[in-house]
Amino acid sequence: KADNPACTHLNLCAILSRLDKHQFALQHCQCALELLERGDHHGNMTPGLLNDYQDEPESSILAVCYHNMAVEHEHLKHHDEAIQCYYRSVEVAQAELGPDHMVTAAFEKRAREAEANLIAKGKASARGKAKVSDYDKKLLNAAPSLRRVTGGQAGTGTGTPRQARPAR
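This one's a predicted model, so the numbers in the text were calculated from it and none came from an experiment. (Residues numbered from 1 in each chain as written. Predicted model: local features only at pLDDT ≥ 70, side-chain atom pairs only at ≥ 80, totals over all residues. Heavy atoms only, no water.)

## Thoughts on the packing of helix 2 (residues 22-38) against helix 3 (residues 61-75)
Packing of helix 2 against helix 3 leaves a shortest axis separation of 9 Å and a crossing angle of 155°. As the angle between them shows, helix 2 and helix 3 are arranged roughly antiparallel. For the pair helix 2 and helix 3, the crossing hand works out as left-handed. Contact with helix 2, carried on its side by H22, A25, L26, C29, Q30, A32, L33, L36 and E37, involves I61, L62, C65, Y66, N68, M69, E72, H73 and H75 of helix 3 and no other residues of that element. A per-class count over the contact of helix 2 with helix 3 returns eleven nonpolar, five polar and two charged. (Axes fitted to C-alpha atoms, helices over the stretch in contact; angles between N-to-C directions. Helix = DSSP H or I, 4+ residues; strand = E, 2+ residues; numbered from the N terminus. Parallel < 35°, antiparallel > 145°, perpendicular 65-115°, else oblique. Left-handed = near helix turned anticlockwise from the far one by under 90°. Contact = heavy atoms within 4.5 Å. Nonpolar A, V, L, I, M, F, W, Y, C, P; charged D, E, K, R; others polar.)

Spelled out as structure tokens, the structure:
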């Protein structure tokens, strides 16, 4: 029996993502989420890595899970699901790690970048350079309400999404 089956699924997700098997990677994220939501852990927080002093969490597996789901949705061009998962990862990181934690800050930055990329895609579509689905257009119109989670403006980053490092 694995010590933490959710982490096993997240590790499989990371491997499959590196192999460009994004649909299968997403399925493993979903399995990890089901395990975490089932609550096979103790305490109010989901399990995560502890720092060297074993007193503060360095990561939240649930936040990492949502982040990795967002990355896979983005690779699969599921833009609306990606944005939702990015912001859910921020909410969980804020709740479990605190608003000033470096993981929370990194997830907030990536959420803003993904939102900015979607907005840019919408502008390109208006000029006829890219296609945006009707659902993505609705999401673009709702973008200001998404910013409530982080209280920030949309970022300008255009980097390739990356998997967060899963806990062991």
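Further notes follow.
## Here we look at a nonpolar patch on the surface
A cluster of nonpolar side chains, contributed by L12, I15 and L19, occupies part of the molecular surface with about 270 Å² of accessible area. Along the chain, the position of L12 falls in helix 1 (residues 5-18). (Patch = residues over 30% accessible without salt bridge, like charges linked within 9 Å, V, L, I, M, F, W, Y side chains within 5 Å. Areas by Shrake-Rupley, 256 points an atom, 1.4 Å probe, with all protein chains shown as cover. Salt bridge = Lys/Arg side-chain N within 4 Å of Asp/Glu carboxyl O.)

## Considerations on the nonpolar core
One finds L10, C65, M69, Y86 and F107 to be the most contacted residues of the largest nonpolar core, which totals 35 residues. At the level of elements, helix 1, helix 2, helix 3, helix 4 (79-97) and helix 5 (102-126) are the ones that each hand at least two residues to this core. (Core = buried A, V, L, I, M, F, W, Y, C linked by side-chain atoms within 4.5 Å. Buried < 20%, exposed > 50% of the residue type's maximum accessible area, 1.4 Å probe, protein only.)

## Here we look at unusual backbone geometry
Of note in the backbone geometry, D20 takes a positive phi value of approximately 60° without being a glycine. Locating D20 in the fold gives a position in the loop between helix 1 and helix 2. The phi torsion at K77 lies on the positive side, around 65°, for a residue other than glycine. Relative to the elements of secondary structure, K77 occurs in the loop between helix 3 and helix 4.

## Topic: the environment of E81
Structurally, E81 is set in helix 4. With twelve residues separating them in the primary sequence, E81 and M69 have C-alpha atoms 8.7 Å apart.

## Points about the pattern of salt bridges
With the rule as written, the count across this model stands at four salt bridges. In this structure, R110 and E74 form a salt bridge, with 2.9 Å as the shortest nitrogen-oxygen distance. With a gap of 36 residues between them, R110 in helix 5 and E74 in helix 3 connect regions that are remote in the sequence. By relative accessible area, R110 is classed as buried at 8%. According to the relative accessible area criterion, E74 is buried, its value standing at 15%. Residues K109 and E113 are paired through a salt bridge, measuring 3.2 Å at the closest nitrogen-oxygen approach. Of this pair, K109 and E113 both sit in helix 5, separated by four residues, roughly a single helical turn. K109 gets classed as partly exposed once you look at its relative accessible area, which sits at 48%. Overall, the relative accessible area of 12% leaves E113 in the buried class.

Purely geometric stuff here, so don't read any function into it on its own.
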